[in-house]
Structures are given as structure tokens and as C-alpha cells.
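# Residue-level structure breakdown
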Amino acid sequence: MHYTIEAGDVADWKEATDLTSKNVQWELSYNDLEVYWKAYGKDNVIFLVARNEDRQFCGCALLGKAKGNISTIAMYFVMPELQGTGIGNAIFAKLTESSIKEGRNIGMNAAKKMSEKYTTRLGYDKFPKWRIELISFTEVNVDYVREHMNDGCKIVNLNEVDFAKLVEYDSKVAAGYDRSGFVKAWTEHPDGYTKVALNSAGAVIGYGTARLVTNDNIVYSPLYANDDATAKQLILTMFNHDNQLAVRTGFFFSITTTVGRLSKIVSEFAKVQDVTYIISQFTKEAPPADSEKVYSISDIALGFI
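What counts, and where the lines are drawn
Residues numbered from 1 in each chain as written. Predicted model: local features only at pLDDT ≥ 70, side-chain atom pairs only at ≥ 80, totals over all residues. Heavy atoms only, no water. Helix = DSSP H or I, 4+ residues; strand = E, 2+ residues; numbered from the N terminus. Buried < 20%, exposed > 50% of the residue type's maximum accessible area, 1.4 Å probe, protein only. Polar contact = N/O pair within 3.5 Å; in protein donor to acceptor, adjacent residues only side chain to side chain. Contact = heavy atoms within 4.5 Å. Axes fitted to C-alpha atoms, helices over the stretch in contact; angles between N-to-C directions. Left-handed = near helix turned anticlockwise from the far one by under 90°. Nonpolar A, V, L, I, M, F, W, Y, C, P; charged D, E, K, R; others polar. Salt bridge = Lys/Arg side-chain N within 4 Å of Asp/Glu carboxyl O. UniProt positions renumbered as here; feature names shortened; annotations may be inferred. Phe/Tyr/Trp six-rings, centres within 6.5 Å; stacked < 30°, edge-to-face > 60°. Lys NZ or Arg CZ within 6 Å of the ring centre and 35° of its normal.

Attention shifts here to the side chain of Ser-221. Along the chain, Ser-221 falls in strand E10 (residues 218–225). The exposure class of Ser-221 is buried, given its relative accessible area of 3%. Reaching out from Ser-221, the side chain makes a polar contact with the backbone oxygen of Ser-298 at a distance of 3.5 Å. In contact with Ser-221, other than residues within four places in its own chain, are Trp-186, Thr-209, Arg-211, Ser-296, Ile-297, Ser-298 and Asp-299.

Following this line, the structure appears as C-alpha cells:
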């Protein structure tokens, strides 16, 4: 079949968001692409869409070039009836071409059924010591949330924090990478809100961002905290922010290191379910993040921790 691969725009992103939600149950926001442009710079974000001669959607993929010579891949999707036709390989080759030429470390968060292909055929064979564990929650006990949300450390809104201190904390968790552009864009996401935990001296000891995604669900990522008590207070405060939480399904993209502790916390006031796991893999090295503080990674799409 004849198809073209071209740069996608916001309308293409919205179509891709709907189609991936319908076909593979991915949870994204219509505004994510514009947030990625803000986070990395438009020239450092490649969003490709394949269409046939009738302009019907065939597939897509996204790549972001971050500081520190690292690129991350996301939204790699081909319509089910077109898988195995070579469209996906063509999209992937065009997507990664410039990053390969620039000698970048390229990473992705892969579905378990696809991980072996990326490892053996494409050389994404460097792994962190953990995997991403997707958990969902429903049936939140709103009364418990309201009763206990002020039991621990101080939790404040994003605009009450020195941004430089937040970036410094993020960098310590994220293997020393400067993610200032991403942190600013993501914590100010138009579909989300951010809460920050402070100790008695005013130092940042955790933060979390929640954003609404497809099907009126909500995703909590990142959730970084120095300990379980801080993580719990962040969760309770973020939960209390959402007056529709009792009827939503929510998700955390936790990791092997902390998923047991996170599930124990959330199960105190909600019904928790393990959904699946996702594998992070890279071409050159897996960033050595402080996994003990990662209760939910920063972004399942272009986030590498």
C-alpha cells in the first residue's frame, strides 16, 4: 500500500490520542504535544504520522530530545489491521534517524510483548534494575482523605515554591539530569495540578503532578518523595484537590522498587489493582536514578524516570 510519513500537528495528536485510547488503552491528554514542545523546544520534538492515499491514519510515533544527550520514544503505534506491513518500521527509522546520527542514548518504555523485539532487533538492550509497574485505583474513601490530609509534612501549591529548588530536587532524583524545561512545562500542564512537600526548614522533600487524560481518568506522574510518609501526604493532598475523584479511575506508573509501598499506602483509602508492567530500555545506558524516591515516574511517554 502507498503511504506517506509526515510531521504531525495538534489535530493529528488529538486523533492519535483517541485511536490509541480505543485500541491499546493508552492514557494521554490532548494537550500533551504542546506541553512537550514547551518542555523540550519544538525543534527537539519529532511527532510523525503515517497516512494512506485517502489521508486515513495508519500510525504514529513521538521522540523528544532532552538535555544530556538522551532521546526518548513514545506513542509508537500502528493501526491493528496494518501491523506487519512495514509501516511501523518505516516510522521508527525516520523517527530515530537524527538521534542515531547525533550519537544519542535513545530510550523507550516498552510494552512487555514488544520488549524482546526492541532488544534483539534494534539494540535497546540496556535496562535499569527496575521495571515500571502500572497500578490503578478506584472507590476512594473521600472522608478518609479529608480527615488525614493535614497529618504530616507541609504540602504547598506550585506557585508557593522557589522553582530552582524544585528543579534541584528533581535533578537529584533523576540521575543528575537537568530537566528544568520539562519540570516547568509538566508541572504547569493545563490539564493538571502540582503539589510540593516541604520539610520544617522549607526544603523540597517531594512533589507530584496529576493530570486528566482520556476517558476522564487521572494519572499521577511524577510522584517523588523522600519517604513513605511524605508520599502519603502528597497523595492525600492531590486526591483532595479533585472533587470528582470518587467517580474516577486513577493510575500511578510506579516502579519495582516502590510499588509495594505505594500500593500499601493507597489501599488505606482506595481499591488498588495491579494492571501490567512496562519495561524501560535504552541503547547505551540506563540512567542510574534514585529509585527509592520514585513512587511514580515523571511521564510514561517521554519521561525516562
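On to the packing of helix H2 (residues 32–40) against helix H7 (residues 180–187), then. Remark: H2 packs on H7, axes separated minimally by 7 Å, with the N-to-C direction vectors making an angle of 145°. Regarding H2 and H7, the two cross each other, and that crossing is right-handed. Across the interface between the two elements, Asp-32, Val-35, Tyr-36, Lys-38, Ala-39 and Tyr-40 from H2 touch Gly-181, Phe-182, Ala-185 and Trp-186 from H7. The residue inventory of the contact of H2 with H7, partitioned by class, reads seven nonpolar, one polar and two charged.

A few words now on the pattern of salt bridges. On inspection of all chains with the given rule, the structure shows 20 salt bridges. Arg-104 serves as the salt-bridge partner of Glu-102, at 3.1 Å between the closest nitrogen and oxygen. The network of salt bridges with shared partners includes Asp-12, Glu-15 and Arg-51.

What follows concerns unusual backbone geometry. Residue Pro-222 is reached from Ser-221 by a cis peptide bond, and omega for that bond is 0°. Assignment of secondary structure puts Pro-222 in strand E10. Backbone geometry places Gln-25, a non-glycine residue, at a positive phi of 60°. Tracing the chain through its elements places Gln-25 in the loop between helix H1 (10–24) and H2. Judged by relative accessible area, Gln-25 falls into the exposed class, the value being 52%. Phi angles above zero are rare outside glycine, and Asn-215 is one such case at about 65°. Within the secondary structure, Asn-215 sits in the loop between strand E9 (204–212) and E10.

Residues annotated in UniProt with the feature "domain: N-acetyltransferase" (unreviewed entry) correspond here to residues 3–139. Between the C-alpha atoms that bound residues 3–139 the distance is 45 Å, and the span itself is 35% helix and 34% strand.

Scanning the entire structure with this criterion turns up 19 aromatic pairs. Aromatic side chains Trp-13 and Tyr-36 sit 6.3 Å apart centroid to centroid with 80° between the ring planes, which places their arrangement in the edge-to-face category. Remark: Tyr-36 occurs in helix H2 and Trp-13 occurs in helix H1; sequence separation between them is 23 residues. For the residue pair Trp-13 and Tyr-36, the accessibility class agrees, reading buried in each case. Positioned over the ring face of Trp-37 is Lys-42, at 4.1 Å from the centre of the ring.

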